[in-house]
Amino acid sequence: MDMVKKLASMDNNYKMNRSIYIHPENIKKMLSSEKEVLDLLITPFLIGERDQEVYELLYYKTYSEVINDGESETITYDSGNLLPAEVTSRIFPGAYINKNDIAFFNEFWSSCFNAMEKMKFNDDTTATTLLKKGAQIFYEVV
């Protein structure tokens, strides 16, 4: 069973229609025990379970891409972008990770999830409204 299917079958995820949103603890636990570097695209969502509100945090989407040769490296935002500083100073849009560099893979994703837990989303009125109503972060993993 691949990692995405394992994640989808875990407890505490949020299911709505045909979508499954992964609870942060599930994905952190799964990735911390992963033994190989994976190509992943992870999109965070704020979900208000009580009102069934789902809001995609598009600018916070992050990916890892496996490379066969070369050094692992994070990808940075272009200096002229218009994203809020909260995004550009706390997370990277992605990383190229050498297939043998599991330590970099684990650190990259761990820092991403830790940063997301601290986000206030002050530049996004929909997100701040949802947070005030008790919404939580979940993830879509591809």
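Residues numbered from 1 in each chain as written. Predicted model: local features only at pLDDT ≥ 70, side-chain atom pairs only at ≥ 80, totals over all residues. Heavy atoms only, no water.

(A) Quick look at helix α5 (residues 125-132). Considered for burial, the residues of α5 that qualify are Ala127, Thr128 and Leu130. Down the axis, α5 shows its buried residues gathered within 160° of arc, on one side only. Residues Thr125 and Lys132 are exposed on α5 and point more than 90 degrees away from its buried face. Residues of α5 that are buried in the fold lie against β3 (40-48) and β4 (53-56). Its side-chain oxygen placed 3.2 Å from the backbone nitrogen of threonine 126, aspartate 124 serves as the N-cap of α5. Taken from the residues just after α5, glycine 134 is the one with a positive phi, measuring 95°. (Buried < 20%, exposed > 50% of the residue type's maximum accessible area, 1.4 Å probe, protein only. Helix = DSSP H or I, 4+ residues; strand = E, 2+ residues; numbered from the N terminus. Arc of directions from axis to C-beta. Contact = heavy atoms within 4.5 Å. Polar contact = N/O pair within 3.5 Å; in protein donor to acceptor, adjacent residues only side chain to side chain.)

(B) Up close: helix α2 (residues 24-32). Among all positions in α2, only Pro24, Asn26, Ile27, Met30 and Leu31 are buried. Down the axis, α2 shows its buried residues gathered within 160° of arc, on one side only. Across α2 from its buried face, at more than 90 degrees, point the exposed residues Lys29 and Ser32. On the buried face of α2, the contacting elements are α1 (3-8), β3, α4 (102-118) and β8 (136-141).

(C) Just the packing of aromatic side chains, in detail. This structure, assessed with the given rule, holds seven aromatic pairs. Geometrically, the ring pair formed by tyrosine 60 and phenylalanine 121 is edge-to-face, given 5.0 Å between the ring centres and 75° between the ring planes. Here phenylalanine 121 lies in the loop between α4 and α5 and tyrosine 60 lies in the loop between β4 and β5 (62-67), a separation of 61 residues in the sequence. For the pair tyrosine 60 and phenylalanine 121, a shared accessibility class is recorded, and that class is buried. Taken together, the ring pairs in this structure connect Tyr14, Tyr21, Phe45 and Phe138 into an aromatic cluster. (Phe/Tyr/Trp six-rings, centres within 6.5 Å; stacked < 30°, edge-to-face > 60°.)

(D) Expanded view of the nonpolar core. By size, the foremost hydrophobic cluster in this structure holds 34 residues, and its most contacted members are Ile27, Leu31, Leu40, Ile42, Trp109 and Phe121. Sorting the residues of this core by element identifies α1, α2, β3, β7 (94-98), α4, α5 and β8 as the ones contributing at least two each. Sorting elements by how many residues they give to this core places α4 first, with seven residues. Listed in part, the five residues of the second largest apolar core include Tyr14, Tyr21, Ile47 and Phe138. (Core = buried A, V, L, I, M, F, W, Y, C linked by side-chain atoms within 4.5 Å.)

(E) Examining the pairing of β7 more closely. Across the five residues that make up β7, a large majority, four, are buried. Looking at chain direction, β5 and β7 are connected through five bridges and run parallel. By the bridge assignment for β7, tyrosine 63 is matched with glycine 94. Pairing analysis gives three bridges linking strand β6 (residues 73-75) to β7, with the strands arranged antiparallel. (Pairing = 2+ DSSP bridges.)

(F) Summary view of the pattern of salt bridges. Tallied over the full model, the rule gives six salt bridges. Lysine 28 is the partner of glutamate 117 in a salt bridge, and the nearest nitrogen-oxygen pair spans 2.3 Å. Residue glutamate 117 is located in helix α4, and its partner lysine 28 is located in helix α2; the two are separated by 89 residues in the primary sequence. Given a relative accessible area of 48%, glutamate 117 falls into the partly exposed group. Arginine 90 is the partner of glutamate 86 in a salt bridge, and the nearest nitrogen-oxygen pair spans 3.9 Å. Assessed through its relative accessible area of 14%, glutamate 86 is described here as buried. Overall, arginine 90 belongs to the partly exposed group, its relative accessible area being 40%. In the salt-bridge network here, residues are joined through shared partners; they are Glu25, Lys28 and Glu117. (Salt bridge = Lys/Arg side-chain N within 4 Å of Asp/Glu carboxyl O.)

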